Structure formats: C-alpha cells, structure tokens
Amino acid sequence: MTKKEVAEYGVYEVFIQKSYTDPHIHVGSLVAPTSELAMQWARENFLRRDSAVSLWVVQREHIDQTSTDFLARELDRKYREVRGYTENGRLWRMFKEKTLTIEEIVAAVEEKNRNLKSKNKK
Amino acid sequence: MNQEEMFMKRIKQGEKIEATDWMPDEYRQLLIKLIHMHAVSEIMGAYPEKEWVPKAPSLRRKLAIMAKVQDEMGHGQLLLRIVEDLVYPLGKKREDLIEDIYYHRVKFHNVFHMEARTWADAGLIGWLVDGAAIINQAALLSTSYGPYARVLKRICAEESFHMQHGENIILTLAMGTAKQKQMLQDSLNYWWESLLFFFGPKEVTPAAERMIHYRIRTLTNEQLRQKFFDKYIPRIHSIGLTIPDPHLKYDTEKKCWVYTEPDWKKFSEIVKKNNGPKSRERIELRRQAHEGGRWVRQAMLCKPVG
Amino acid sequence: MKVANAKQAQEDQDYHRVLCEFLFQLADDELTLGHRDSEWLGLSPDIEGDVAFSSIAQDEVGHAVFYFDLLHELGEKNPDQLAFARPLTERRNATLLERENGDFAYSIVRHYLYDVFDSCRLEAIEQSSYQPLAQGAIKIRREEYYHRLHMSAYLNRLGQAGGEAKKRLEKAIHDIWPEIGGLFCWGEYENKLFEYGIISISVKELQERWIMQVKSTLLKAGLPWPGDWPKVKRDGRKGEHSPDLAKLLSTMSEVYQSDPSARW
C-alpha cells in the first residue's frame, strides 16, 4: 500500500447526548480507520470529563450541509412567536387579569406533581 | 461589492467565518500557519512533561500529570482537525501535517524545545508555561474563525484544570523543605527567559498585522506579555520567589512592566532553526511515533477478510 | 461467609493475611501495567488513539489506588508508601506486566490477554466474602469493559490485515507465552483464597474461562492458539521479578525517594 492511501482515514463527526431529555449535540470531529474505532476514540477525545448517555459518530460524507441562504428568514414571522403577542398583556389588564405564560403552567403542574409524589410517600 | 469586500464586511460586523465559507487565500494561509503551529505546539508540548509522568512522586500526581499530558494531545487533535479542514482544498491531510514537524516545515513554541530537568520544572511548566498559554488562548477566543473559536472555548475550559494542577505542585514545593524551595527557585531562574520568549518579539510583524486586520487575533505580542506580567508577577513574589531580572519593575506612569529584553537571536535559533537543547530529540520522538506507527495505520485500514 | 469491613477482617489473622496478599497482587498488577501504558503517551500511532490509550493508563492506576486504599484500611502503610517505597521482592504483580513495552503489537496483545484475565478475575470477586472488595469489583469491571473492547478491536483488525501486522502479532504472542502462566499463579495462599471465598472460583476454573475466550478471539483474528504454556521461570506473586521491574521501580520512585518524608 502506498503512503497516500494510508492518509485515507475517514472523517467522523461526533455528537453527544448529555441526558435523555437533551438532543445530540455536535462537539467536533476526528479521523479514524473504521466507525468502530471512531466510536471508541470519540469517547476519550470528547468525553474524558463530561458524562453523557449516548454518542453518535457519523461519517462526514453522509452529512449534507445547507448553504447560508437556505436558512434565510428575512420577513416578519412574529405571528408564530411568543413575542408577536405582547399586546395580550395589555388586553388582559383590561379584564383585570394577567397573561399566562407557559413557564407558569409548567411550574404549576410540577408543583402539583411534587405534591402528588409527597402524598404517595406518606 | 466583490467577494473580498463582502468578506471584510462580515469580519467587521463580528461575524464568524466557517470552514465551508468563501475566504481570501491570505486569510486561509494565515489561519493555517497560526493553527498548525498551535496544534503542533500542543503535541510537542506533551514531551517535556511526559518525561515526568513515570517519575511523578505520588499516586495522585501520577494520575494528574497523565491527565494533563493527555489533554495536550487532545488539544492537538482538536486543532489538527481545524487545520485539516483548512488544508483540505490544498490536497493536504493529517499525515502531511504531522510530517511537517520532522521535515521542519512547521514551528512550535520555544518553551517545548527546553529541557524539563527537575520535578519543579514539570510543576513550573504547568503553572507558568500553561499560564502564558492560557493568556494567549483567551485572547484568541474572539477570533473571527468560527471553528477555531469553538475549539478554543473547550481548550480554555480544560486549561483551567491545568492551572490548578500546576499551582498545586508549585504551592506544595513552596511550602516544602529548603531543598524543595531551592529547586523551585532554580526552576524559575531557568524558565524565566523562555517565558519572555513565549509571546514573541515586541515588534509587530507584517503577518501579525494582517492577522489583526482579519481579526484572527486582536492583541499584540507585547500586550499579551504585559497581561501575563500583571497576573503572574505578584503571585511569583507572593510565594517568596525572586525573578531573575534586577531591572524588572512596574512603571506607574506608563502603566506597564519594564524588563530586561531577552536575547532574541537565541529565540530565533531555537524556534526557527530547531536548535534548542531538546529540539532534535523531541522531533525525533515524534518522527518515531509517526513513522513507527505507520504499519498500524496501514493495517487498520485493510478490509477484514470474509 | 461475609466480612463487612477492615475491622472485621483484622479479627481473623489468617483471613487478614490471605486477603492482603491478594490485594497486593491486584494493586501491583494494575499499577505496573498502568505505568507501562503511560509510557505510550505521545508515541501512539494516532493522535486520537494516543488520547484513548492514556485514559486506559489512568484507569489502571486508578484501580491500583482503589486496592492500595483497601490495604491501608486493613492496616498497611499509606498508598503512596505502598506504591513507591516497597522493594522489588515485595512486589506481587505477574512478571508479564512489568516487561518493557516493546512494539505496539506487544503492548496490544499483552493488554488484551491481561484484560480478559482481569475481567474473569473481577467477575469472580464480585461475590467476594470481603464486601468492600466485592463492591469495588463491580465498578472496576464496568470500566474494564472499554479496555477489552478497545484492545480486541485492534487485535482483530491487525490480525485480519495479515502481512507485517500479523507477523508482529504472532511474534508478540510468541514472546508473551512463556510468561502467561504467571497470571495464573496466585501465590502461596492460592487455595485459601478460594476457601475463604475471597474469590469465588478456583484458579483452574478461571484459567479455563480465560482459555475459552482468548482462543475464540485469536481464531477470529486469524491467529494461531499457541497451546500449553510452560511453568514460569520467575513467579511474580512470590516476589521474583525481572530486571525490567527493577528499572521501572527506580524510575518511578526517583523523586519520591529523594525525600520520602517531604510532601510532593
């Protein structure tokens, strides 16, 4: 085998998932002779300290990448975002109420769950 | 607006440039030069401390210095990957980037050409050489090249462990026996000149000017050296060490440290010609590792039979 | 039989002696191999592989620390004294592990063969009568899983590649074989270890498990099974060692011995 052929280690992109409620996040890349070694090396090259629940290695050539303009969103799309509805606060005040946020609901629900759990414990 | 002007507009707006974006050749070349040297310095930087891994004087130190040297190799890996993507359009790969070391086509930091003679030297490298490197790297965090900025973020996070590790060795020696304290002072005397060399000469070279133009880096060598003095001189004094420079003082008017210029000819001799005390020996180690491991890399690529 | 802690172990002098002897074997095996592994720092065939190998080195030394800690609890000197200040004749590692690294093939083969041995041994001490050891073994075996996976990935690939790689592996196996027996000597209390339930299977049974696993890996990698091994010339478990260990110890303890009473 010639020297140039030796240089043909594949590039693998590495993704780690820190907990089951997190997505896999890209952390970098490495070169390796096989996907098996790529996986084993990725563990120590990217997770020496941090813990994780899952690790992906993907051959770079299997990733398609967008061009810059592909993601362009130039015009107003506030109609589908929270910040497009700031007037609700003013409207609710007219009815002597406050806007409800998703965070409040989540907090309220979790509070309830916590109560349920503590009741079960008892 | 032509491509070049568009590119500079992005730079001036503080945007990050990505590997797949169009970039001027000069920008690519400057990045390759800087990051290749950075990567190789990490890899060659493993050797002075590696010599002390087998001799670390306690189990905890043994583990810590292994982890530290491992991190240096890991940083080398991260940085090499950045360079590999930059040189890919030029037809170069990992193999070439490593060979460049022993064909003397890439430089590495002066400090890694020096001998680590004692355990105190190993500690001092961890404390002050890493300290200097951290200042250098922290100043690069705002670099215009996205992949480099991301890797530096991770490197800096790991360097904070190196700092603690180095300081712990030094503080232990500083509180130790008279012999240990002497060993520490001796180590500072030996390394001080190298620490001054570390940030490079005062004058801003044309290449450095271009790097600042492209916001690859934002501070000059001398600005970085002064920041290093600010942080470390008071600490060196506080543990009872004497800095081997009778002219060193803080100029309150100019708000900067005044110091005796090291011999820059010696610096060139070490870095440009690889003529430091350990240059040849360590480059040879890297050559052996790479050439000696070729049969492994070749075999690992063979498709299994059946 | 269950022994909950060091205090209980110390109440039975004979049990205590047999247990400590075994812990020294475990600790010295791991420390010696971890030290040898660390010599690969900066010298591996790949940068990525260099980083991975170093983690394995750290794991091994970390496991040694665990065993030294147990010994210290049982009344032995502190872990650093045990690691750095014991003379050669008191070292209990198998001689195979103290040998200089040789080429990458030698290091990989030795590591793989030891990893299989160690994992069989750990499995058998997960039910150890000495509770602190049993609990540690469960954790350590989970860490060793990666080592085995990594070493067998190399072994398999290099073996199947044929050519120079295969030749080197064959030579490594040839060089290692005369010392393999040292792994399966457990010193003068070999039988008592089993009787006291410090380890749950006999050395004979462990050896059979090891042979089964190694045989099938070698076969898969296209490497021959070398057959029976000779009785070892030097039994590390009895403190008989090669000049390689003398050199290793003098390097390892150089700084420590320059002032053993100092803090480093």
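The shown structure was predicted, so the numbers you read here are calculated from the model rather than taken from an experiment.

Trainee: Looking at this structure, how should I read the overall build of chain A?
Mentor: Scanning chain A from terminus to terminus reveals four helices and three strands. For chain A, the sequential pattern of α-helices and β-strands runs α-β-β-α-β-α-α. Looking at chain A residue by residue over its 122 residues, the buried ones come to 25%. Expressed as a percentage of contacts within chain A between residues at least 6 apart in sequence, the contacts between residues at least 24 apart total 41%. Put simply, chain A shows about 9600 Å² of open surface, and 55% of that area lies on carbon and sulfur atoms.

Trainee: Explain the pairing of strand 1 (residues 10–17) of chain A here, please?
Mentor: The side chains of a regular strand alternate between the sheet's two faces. Residue and element names in this part refer to chain A. Among the eight residues that make up strand 1, seven are buried, leaving the element largely enclosed by the rest of the structure. For strand 1 and strand 2 (residues 25–32), the ladder comprises seven bridges, and the chain directions are antiparallel. Paired with E13 across the strands is S29, a residue of strand 2. Sheet analysis places strand 1 next to strand 3 (residues 54–59), joined by six bridges and oriented antiparallel. Along strand 3, the bridge assignment pairs I16 with L55.

Trainee: Help me out: how do you make sense of the interface of chain C and chain A in this one?
Mentor: A common measure of how large an interface is: the accessible area buried when the components associate. Contact residues are listed per partner, giving twelve residues for chain C and twelve residues for chain A. Summing both sides of the interface, chain C and chain A together bury roughly 1200 Å²; the carbon and sulfur share of this comes to 58%. The largest contributions to the chain C side of the interface with chain A come from E48, V51 and Y146 of chain C, which together make up 46% of the buried area. The interface formed by chain C and chain A contains zero salt bridges.

Trainee: For this particular structure, what's the right way to read the sheet that holds strand 1 of chain A?
Mentor: Working definition: the strands of a sheet are paired by backbone hydrogen bonds and lie parallel or antiparallel to each other. Residue and element names in this part refer to chain A. Ordered by their spatial adjacency, three strands build an open sheet running 2-1-3, and the pairing between neighbours is antiparallel. With one partner strand each, in any of the chains shown, strand 2 and strand 3 form the two edges of the open sheet. With strand direction ignored, the average angle separating the axes of adjacent strands in the sheet is 30°. The sheet contacts of helix 2 (residues 35–46) involve strand 1, strand 2 and strand 3, and relative to strand 2 the element is tilted by about 125°.

Trainee: What should I look at first to understand the pattern of salt bridges in this one?
Mentor: Where charged atoms from two side chains of opposite charge approach closely, those side chains can pair. Under the defined criterion, the tally for this structure stands at 57 salt bridges over all chains. As a salt-bridge pair, D21 of chain B and R10 of chain B come within 3.2 Å of each other at their nearest N and O atoms. In this pair, D21 of chain B sits in the loop between helix 1 (3–12) and helix 2 (25–50) while R10 of chain B sits in helix 1, placing the two residues eleven residues apart along the sequence. Between R209 of chain C and E205 of chain C there is a salt bridge, with its nearest N and O atoms 3.1 Å apart. Within this pair, R209 of chain C and its partner E205 of chain C are both found in helix 9 (residues 203–220), separated by four residues, close to a single helical turn.

Trainee: Would you take a moment to explain the interface of chain C and chain B for this structure?
Mentor: Residue-level contacts link 48 residues of chain C with 46 residues of chain B. On the chain C side of the contact with chain B, I47, R157 and W264 of chain C bury the most area, a combined 20% of that side's loss. The interface formed by chain C and chain B contains two salt bridges. In this structure, the salt-bridge partner of K55 of chain B is E254 of chain C, at a minimum N-O distance of 3.4 Å. Of all the secondary-structure elements, those providing two or more residues to the side of chain C that touches chain B are helix 2 (13–38), helix 3 (47–73), helix 4 (79–84), helix 5 (104–125), helix 6 (131–161), helix 7 (163–180), helix 10 (243–252) and helix 11 (254–258) of chain C. Element by element, the count of residues in the side of chain C that touches chain B is highest for helix 3 of chain C, at twelve residues. The residue makeup of the side of chain C that touches chain B, split by class, is 25 nonpolar, eleven polar and twelve charged.

Trainee: Can you help me understand the domain arrangement of chain A in this one?
Mentor: Domain assignment breaks chain A into domain 1 (8–62) and domain 2 (73–121). Placing the centre of domain 1 of chain A and that of domain 2 of chain A at their C-alpha centroids yields a distance of 37 Å.

Trainee: Before we go on, may I ask you to explain the nonpolar core in this structure?
Mentor: Taken as a class, soluble globular proteins show a tendency for nonpolar side chains to be buried jointly. By size, the foremost hydrophobic cluster in this structure holds 205 residues, and its most contacted members are Y27, W119 and Y145 of chain B together with L133, I180 and W210 of chain C. Per-element accounting of this core gives the leading share, 14 residues, to helix 5 of chain C. The residues contacting Y145 of chain B, other than those within four sequence positions of it, are I17, E18, A19, M23, Y27, L31, I35, I82 and L86 of chain B.

Trainee: So what exactly am I meant to see when it comes to the environment of I25 of chain A here?
Mentor: All names here are of chain A. Secondary-structure assignment places I25 in strand 2. Since its relative accessible area comes to 48%, I25 is described here as partly exposed. Along the primary structure I25 and F15 are separated by ten residues, whereas in three dimensions their C-alpha atoms are 5.0 Å apart. Discounting chain neighbours no more than four positions away, the residues touching I25 are V14, F15 and I16.

Trainee: How should I be thinking about the side chain of D71 of chain B in this particular structure?
Mentor: Relative to the helices and strands, D71 of chain B resides in helix 3 (residues 59–87). A relative accessible area of 0% places D71 of chain B in the buried class. The residues contacting D71 of chain B, other than those within four sequence positions of it, are R48 and R49 of chain A together with E158, F161 and H162 of chain B.

Cut-off values and rules
- Residues numbered from 1 in each chain as written.
- Chains lettered and ligands numbered in written order.
- Predicted model: local features only at pLDDT ≥ 70, side-chain atom pairs only at ≥ 80, totals over all residues.
- Heavy atoms only, no water.
- Helix = DSSP H or I, 4+ residues; strand = E, 2+ residues; numbered from the N terminus.
- Buried < 20%, exposed > 50% of the residue type's maximum accessible area, 1.4 Å probe, protein only.
- Contact = heavy atoms within 4.5 Å.
- Areas by Shrake-Rupley, 256 points an atom, 1.4 Å probe, with all protein chains shown as cover.
- Pairing = 2+ DSSP bridges.
- Buried area = accessible area lost by both parts, 1.4 Å probe.
- Salt bridge = Lys/Arg side-chain N within 4 Å of Asp/Glu carboxyl O.
- Axes fitted to C-alpha atoms, helices over the stretch in contact; angles between N-to-C directions.
- Nonpolar A, V, L, I, M, F, W, Y, C, P; charged D, E, K, R; others polar.
- Domains from an automatic or database assignment.
- Core = buried A, V, L, I, M, F, W, Y, C linked by side-chain atoms within 4.5 Å.

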